[in-house]
Amino acid sequence: MELFSFVDDIKRMDKRQAIYQILNFGMIISTALMIWKGLMVVTSSESPIVVVLSGSMEPAFYRGDLLMLTNYREEPIRAGDIVVFRIEGRDIPIVHRVLKVHERDDGYVKFLTKGDNNQVDDRGLYAPGQLWLEKKDVIGRARGFLPYIGMVTIVMNDHPQLKYLVLAVLGFFVLVHREN
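In this report, we go over the structure that sits alongside the text. (Residues numbered from 1 in each chain as written. Predicted model: local features only at pLDDT ≥ 70, side-chain atom pairs only at ≥ 80, totals over all residues. Heavy atoms only, no water.)

1. Looking at unusual backbone geometry
Link 1 in the chain: Look at the link from glutamate 58 to proline 59: it is a cis peptide, with omega at 5 degrees.
Link 2 in the chain: For serine 44, which is not glycine, the phi torsion reads 60 degrees and is therefore positive.
Link 3 in the chain: By the element assignment, serine 44 lies in the loop between helix H2 (15-43) and strand E1 (49-51).
Link 4 in the chain: Here the phi dihedral of tyrosine 148 falls at roughly 65 degrees; this positive angle occurs in a residue that is not glycine.
Link 5 in the chain: Tracing the backbone through its elements, the reader meets tyrosine 148 in the loop between strand E7 (138-146) and helix H3 (151-158). (Helix = DSSP H or I, 4+ residues; strand = E, 2+ residues; numbered from the N terminus.)

Below is the structure:
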């Protein structure tokens, strides 16, 4: 039975092969982390890739779109820019368009955002007493997107058991796969 031949493969592995497979798995994980950290450095953003979680930016972006971000401090924020920002006390970043910008002579900038598909600005989303966002609140600006690629992330977050099952199966197959 071809389906369960991997069980025989596990039984035939000696100690050296098992250690090799575990190290191989560790290399895959560390490579993914290095790529993520490299993207953070290149884009100057703490989160260079985000998934749109709601329909508030339709028709520009739909739920499940994957956004690529940059956050270069020397680039000024302008009305019309699409920014991803984090509000104090909330874990999930928000993707909205800059509606108004107020800039002082000393370089201090504050701005107001709004989702394209929303009727009112975002002041109701901001922290209590906060009327404007500042540059420190911005995670990044949208530079590109891949439509609906992020639906995988949304499904995995909506069904955590599925996420752990998929990760376990992938990890298992990496550990038992042997080069011939």
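2. Section: the pairing of strand E5 (residues 109-114)
Link 1 in the chain: Of all six residues in E5, five are buried; the element is thus mostly enclosed.
Link 2 in the chain: As judged from the six bridges shared by strand E4 (residues 94-103) and E5, these two strands associate in the antiparallel manner. Counted as the bridge partner of lysine 100 is leucine 112 from E5.
Link 3 in the chain: Turn length for the E4-E5 hairpin, with the two strands adjacent in sequence and antiparallel, is five residues, and the turn residue glycine 107 shows positive phi of about 95 degrees.
Link 4 in the chain: Pairing of E5 with strand E6 (residues 133-134) involves two bridges; the strand directions are antiparallel. Bridged to phenylalanine 111 within E6 is leucine 133. (Buried < 20%, exposed > 50% of the residue type's maximum accessible area, 1.4 Å probe, protein only. Pairing = 2+ DSSP bridges.)

3. Side note on the pattern of salt bridges
Link 1 in the chain: Inspection of the entire model under this criterion finds seven salt bridges.
Link 2 in the chain: Of the charged contacts in the structure, one is a salt bridge between arginine 143 and glutamate 75, with a shortest N-O distance of 2.3 Å. Placement of the pair is arginine 143 in strand E7 and glutamate 75 in the loop between strand E2 (66-70) and strand E3 (82-85), with a sequence separation of 68 residues.
Link 3 in the chain: Assessed through its relative accessible area of 47%, arginine 143 is described here as partly exposed.
Link 4 in the chain: Its relative accessible area of 27% is what places glutamate 75 among the partly exposed residues.
Link 5 in the chain: For aspartate 137, the salt bridge identified is with lysine 136, shortest N-O distance 3.3 Å.
Link 6 in the chain: On the basis of relative accessible area, aspartate 137 is assigned to the buried category, the value being 8%.
Link 7 in the chain: For lysine 136, a relative accessible area of 56% gives the class exposed. (Salt bridge = Lys/Arg side-chain N within 4 Å of Asp/Glu carboxyl O.)

4. Re H2
Each full turn of the α-helix corresponds to 3.6 residues, which orients residues three or four apart in the same direction.
Link 1 in the chain: With 29 residues, H2 extends 42 Å from end C-alpha to end C-alpha; this agrees with the ideal 42 Å at 1.5 Å per step.
Link 2 in the chain: Immediately beyond the C-terminal end of H2, within one or two residues, lies serine 44, with a positive phi of roughly 60 degrees. (Expected span 1.5 Å × (residues − 1).)

5. Remarks on the packing of aromatic side chains
Link 1 in the chain: Counting across every chain of the model gives three aromatic pairs.
Link 2 in the chain: Note on phenylalanine 85 and tyrosine 126: the rings are 6.2 Å apart at their centroids and 80 degrees apart in plane angle, and the pair reads as edge-to-face. Highlighted residues: phenylalanine 85 in strand E3 and tyrosine 126 in the loop between E5 and E6, separated in sequence by 41 residues.
Link 3 in the chain: On the basis of relative accessibility, which here comes to 5%, the residue tyrosine 126 falls in the buried class. (Phe/Tyr/Trp six-rings, centres within 6.5 Å; stacked < 30°, edge-to-face > 60°.)

6. Side note on the environment of glycine 115
Link 1 in the chain: Note on placement: glycine 115 falls in the loop between E5 and E6.
Link 2 in the chain: Between the C-alpha atoms of glycine 115 and valine 98, which are 17 residues apart in sequence, the distance is 8.7 Å.
Link 3 in the chain: The residues contacting glycine 115, other than those within four sequence positions of it, are Ser56, Met57, His96 and Asp122. (Contact = heavy atoms within 4.5 Å.)

7. With respect to the pairing of E2
Link 1 in the chain: Among the five residues in E2, four count as buried, and that is most of the element.
Link 2 in the chain: By the bridge criterion, three bridges tie E1 to E2 in an arrangement that is antiparallel. Looking at the pairing, isoleucine 49 lines up with methionine 68 of E2.
Link 3 in the chain: Where E2 and E7 come together, five bridges link them in antiparallel fashion. Bridge pairing links leucine 67 to phenylalanine 145 in E7.

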